[in-house]
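Breakdown of the fold
If you want the building blocks of each chain, they are given just below.
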Amino acid sequence: MLPRSTASWAAEPLLFFAEAEAGQAIKTTWQHTWPWPSWLTLLFLAVVGGIAIAAYVYSGTAYHRGVRLTLASLRVALLGLLVFMMYGWMMHRQRTDQPDLIIAMDVSESMAVQDRYRTERLRALAERRVQRAGLTGATRLNLAKSLLVDPERGWLAGVEGRYHVKPFAIGRDAERLITGETSPAADISERAATDSASRLGICLLQILQAQRGRPTAAIILLTDGATTSGATLAEAAEFAGQRKIPLFPVGIGNEAPPRDAAVADLLTDDAVFVDDVLNFDFTVRSSGYDGIDATVQLRHLESGEVLAEQLVKLTADRVPQSVRLTHRPGEPGEITYVVEVLPLTGELNLENNRLLQRIDVRDSTIRVLMAQAYPSYEYRALKDLLSRAVKSERNAELAIELTTILQTADVEHAEQDATARSDFPVTRDELMAYDVVIFGDVDPTFVEPSIMGHLVDFVTVRGGGLILLNGARFTPQAYRDTPLAPLFPFSIESAVAPAPDLPLTAPFGIRPTPLGLETPFLQVGDSSAATERVWDDLDGMYWLLETPDVKPAARVLATHPTRTNDRGDFLPAIVMQFVGAGKVVAHNVDETYFWSRHQVRRQYYDRYWLQLLRYLSRGKLLSDDRPLELGSDRNEYEPGEPVRITLRSAGGYEQLQGEPPALLMIEHEEGERREVALAHDPLRGIHAATVADLKPGSHRIRLISPHVSPPPSTHTIRIVAPQGELRQLQMNAADLRLAARRTRGRYFSIHQPDNLLRYLPRGRQVPIESLPTIPIWNSPALAALFVGLLTAEWLLRKRAGMV
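First, a word on what this report is: a plain description of the structure on this page. Given the structure is predicted, the values throughout are model-derived calculations rather than measurements.

Before going further, it helps to examine the side chain of Asp106. Structurally, the position occupied by Asp106 is in strand β3 (residues 100–106). Buried and unpaired, Asp106 has no salt bridge, with Arg140 as the nearest side chain of opposite charge at 7.4 Å. Within polar-contact distance, the side chain of Asp106 engages the side chain of Ser108 at 2.9 Å. Among residues more than four places away in sequence, those in contact with Asp106 are Met111, Leu141, Ile170, Gly171, Ser198, Leu200, Leu222, Thr223 and Asp224.

Right, let's talk about a nonpolar patch on the surface for a bit. A grouping of Trp39, Leu43, Val47 and Ile51 is seen on the molecular surface, where their side chains present a nonpolar patch of about 450 Å² in accessible area. Along the chain, Val47 falls in helix α2 (residues 38–57).

Residue pairs spaced three or four apart in an α-helix point in one direction, given the helix's 3.6 residues per turn. All buried positions along helix α17 (residues 733–742) are accounted for by Ala733, Asp735, Leu736, Ala739 and Ala740. Along α17, the residues classed as buried sweep out an arc of 165 degrees about the axis, all on the same side. Exposed positions of α17 whose direction lies more than 90 degrees from the buried face are Ala734 and Arg741. In this fold, the buried residues of α17 make contact with β6 (216–223), α9 (233–242) and β7 (247–251). Once α17 finishes, Arg744 follows within two positions and takes phi at roughly 60 degrees, a positive value.

Attention now moves to the sheet that holds strand β29 (residues 663–668). Pairing within the open sheet is mixed, and its five strands lie in the order β27-β34-β33-β29-β30. Both outer strands of the open sheet, β27 (636–637) and β30 (673–677), are each paired with one neighbouring strand and no more. Bridge count for β29 against strand β33 (residues 697–705) is six bridges, and the pairing is antiparallel. Paired with Leu663 across the strands is Ser705, a residue of β33.

The strand order β9-β15-β14-β11-β12 describes an open sheet built from five strands, whose pairing is mixed. Looking at the sheet topology across the chains shown, the edges are occupied by β9 (271–273) and β12 (306–313). Taken pair by pair, the neighbouring strands of this sheet meet at an average axis angle of 25 degrees, ignoring direction. Two strands pair when backbone bridges link them, and β9 and strand β15 (residues 354–362) are joined in this way by three bridges, in the parallel orientation. If you follow Ala271 over to β15, its bridge partner there is Asp360.

Moving on, we get to the nonpolar core. In this structure, Leu386, Ile510 and Tyr608 are the most contacted members of the largest nonpolar core, which totals 47 residues. Considering every element that reaches this core, the biggest residue donor is helix α16 (residues 602–625), with eight residues. Setting aside chain neighbours within four positions, we find Tyr608 in contact with Phe521, Leu522, Val524, Trp535, Ile574, His587 and Trp595.

Attention shifts here to the packing of aromatic side chains. One pass over the full model with this rule turns up 14 aromatic pairs. Arranged with centres 5.4 Å apart and planes meeting at 75 degrees, the rings of Phe439 and Tyr479 form a pair that is edge-to-face. Taken as a pair, Phe439 in strand β20 (residues 436–439) and Tyr479 in the loop between β21 (465–469) and β22 (511–512) lie far apart in primary sequence, 40 residues in all. By relative accessible area, Phe439 is classed as buried at 1%. Put simply, the rings of Phe521, Trp535, Trp595, Tyr608, Trp609 and Tyr615 touch in pairs and so form one group of aromatic residues. One cation-aromatic arrangement involves Arg380 over Tyr377; the distance from NZ or CZ to the ring centre is 5.7 Å. When the ring centre of Tyr615 is taken as reference, the NZ or CZ atom of Lys583 above it lies at 5.2 Å.

Their axes nearest at 8 Å, the elements helix α4 (residues 120–132) and helix α5 (residues 140–149) cross at an angle of 55 degrees. As far as their axial angle goes, α5 and α4 are oblique. Here the hand of the crossing between α4 and α5 comes out left-handed. Here Ala126, Arg129 and Val130 of α4 lie close against α5, whose contacting residues are Asn142, Leu143, Ser146 and Leu147. Looking at side-chain class alone, the contact of α4 with α5 contains four nonpolar, two polar and one charged residues.

For the rest of this paragraph, the subject is the side chain of Thr228. Along the polypeptide, Thr228 turns up in the loop between β6 and α9. Here Thr228 falls in the buried class, since its relative accessible area comes to 19%. Of note is the side chain of Thr228, whose polar atom sits 2.8 Å from the backbone nitrogen of Ser198.

Reading the values: rules and limits
Residues numbered from 1 in each chain as written. Predicted model: local features only at pLDDT ≥ 70, side-chain atom pairs only at ≥ 80, totals over all residues. Heavy atoms only, no water. Helix = DSSP H or I, 4+ residues; strand = E, 2+ residues; numbered from the N terminus. Buried < 20%, exposed > 50% of the residue type's maximum accessible area, 1.4 Å probe, protein only. Lys, Arg positive; Asp, Glu negative; His and termini not counted. Salt bridge = Lys/Arg side-chain N within 4 Å of Asp/Glu carboxyl O. Polar contact = N/O pair within 3.5 Å; in protein donor to acceptor, adjacent residues only side chain to side chain. Contact = heavy atoms within 4.5 Å. Patch = residues over 30% accessible without salt bridge, like charges linked within 9 Å, V, L, I, M, F, W, Y side chains within 5 Å. Areas by Shrake-Rupley, 256 points an atom, 1.4 Å probe, with all protein chains shown as cover. Arc of directions from axis to C-beta. Pairing = 2+ DSSP bridges. Axes fitted to C-alpha atoms, helices over the stretch in contact; angles between N-to-C directions. Core = buried A, V, L, I, M, F, W, Y, C linked by side-chain atoms within 4.5 Å. Phe/Tyr/Trp six-rings, centres within 6.5 Å; stacked < 30°, edge-to-face > 60°. Lys NZ or Arg CZ within 6 Å of the ring centre and 35° of its normal. Parallel < 35°, antiparallel > 145°, perpendicular 65-115°, else oblique. Left-handed = near helix turned anticlockwise from the far one by under 90°. Nonpolar A, V, L, I, M, F, W, Y, C, P; charged D, E, K, R; others polar.

Below, the structure is given as structure tokens:
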């Protein structure tokens, strides 16, 4: 007997489905009560059906074969329907909540960029996509919007009925787009790319947090993948993978670097003298401008005056190109200079086009002590120059406060010459009052060992400058076993001077080495090319002290043009080395006065010697005002940007020399501390370290070892967020692909996104309520079908005369 009345079935048909509300679905499952396993049931049907078919097909009757096959099929169908009804099938239905589909659209400032595509076809495709959605301008954001709101192919319409769609805007934070009665399409169309930061990983974590407890089928990300702060998408994807939520990123933008030119790595002196050569060494990096000529300039910030300019041919692969701009400051004071590459056509990020550097330009008088045993021509020319040199064309004050010692002079010489004194300074303090000592061909018998010791301290401890004018009689051979021997930048034992009676008839012009041309005091021309021409034109010399064995730390700045040592190296003419806190420059020639005899070349003679004295005196003069100074190349940095910290010790701090290295303490405003060891940079006379992983906030830097008195003032820097989204415009497709791979999702390009919806998983449906169960096995429809099949078989048999 059937458990339901005919009226009941009329009110509830066989395939009855309750109407699903918005955001919900009806989940249907089937269940039976037949005890046999499926394989046994199928075997039974196959055996019984085979017997029925065989009984009809192979019967001895004369009926048409088609009639017999039809009757056999009807009998098998009756048998199958009977077994189906015996299974006791029931239809169970549940009202379920549809899974969420998250669509996250990047609205950071970089999404306002309109990319330059590598082919015309891609450009036209992007424009058509945007126009079809009713938008203007193929920006990254409009391309993202077109995927969602396109009236023909928009994804919002394509997933309707399958998912509960939740659109989000991501940038600085994740924000739900739909509120109240507003439609998602309206909210999406109105959004602009205004967020000043791309915290994509953080936004993904915020979305995952908001989805806790909710069934989430997948997350679609419409973004360029450029994260400016915080975790990247690939890093945050680990958490999405743990929750089995696949990510489907759609990369919007250009994987190639955007067109950009930038200056970086600026190196220059922070203090110089008026009319000194001031070199600004920096690098230029570019992308998208291969083969284009760019103009780099050095400008005065306040006045805007262009002080130097150069054309640079750019490359497209961001390989740094070294550039040097040179300037001779004419006025003293604190001056801010600007190094800049002029903006180029199509360049979006102009923030990295320039760097600023504040430099202290001094006009101090240099105190020079010059000692010589006899009045050589070199001594006379140099004394004449230093006695009359003025600070600049605009300042007629004497540039040099000169004191001379001429050992062979008579007693009256000191009374007749205002610059002369009769003996070498005896006390240490007296010697330390000078900035530079010119030590010529001096007879050591008139120089006490204690005075030599003071001179060593003057260089190594106080940071003074020493010029060694090697000569034919005493210097350097007579100082082999004296306290001054370590100051010479070459081995005195192997030094050989020309024999006094040897006639010198072959002149030679000294040639600066590449390192020499980079050294400020050898840059006698107004440009690098002019400097090389000047050195080629200077008068030749005859006398050379051969010093084949230069000490390892010494720097050969100029050489003889042809003569070499046993190793094939040109014999040095001018050599420099750093000794402790000071510098030593040795002249192996004593005839630079030849340059002063020619009216045109005399200016280069004057310039060379005055630049040399200013170069050597700079450290000690600055140490009088700033004996020890902590600093950095800038006061503000972005997270992850390398911070170069310097400790300038112009002299008087022997504790900083040698091992162990000086230590700094970097303390964050929240109390976190770290120690950093400094490395000595003898070329610039500083100790330096580079740190690249400081956290955002304020950091105080102080010297903790060694203990010096007075200690340098603490230095403060700040790590701040990027100033703008436009610093990072290249699409980070690698991060997007990695995020998809870590969550078992799939990456799509903006140019081929149409198949994305096919790959979306169905998601997990959460039951809300169970609907009434419908028995299928005893439905009137199945009974009617059974009766119909029996009737059809009977009628066919009757017509065939088999009844």
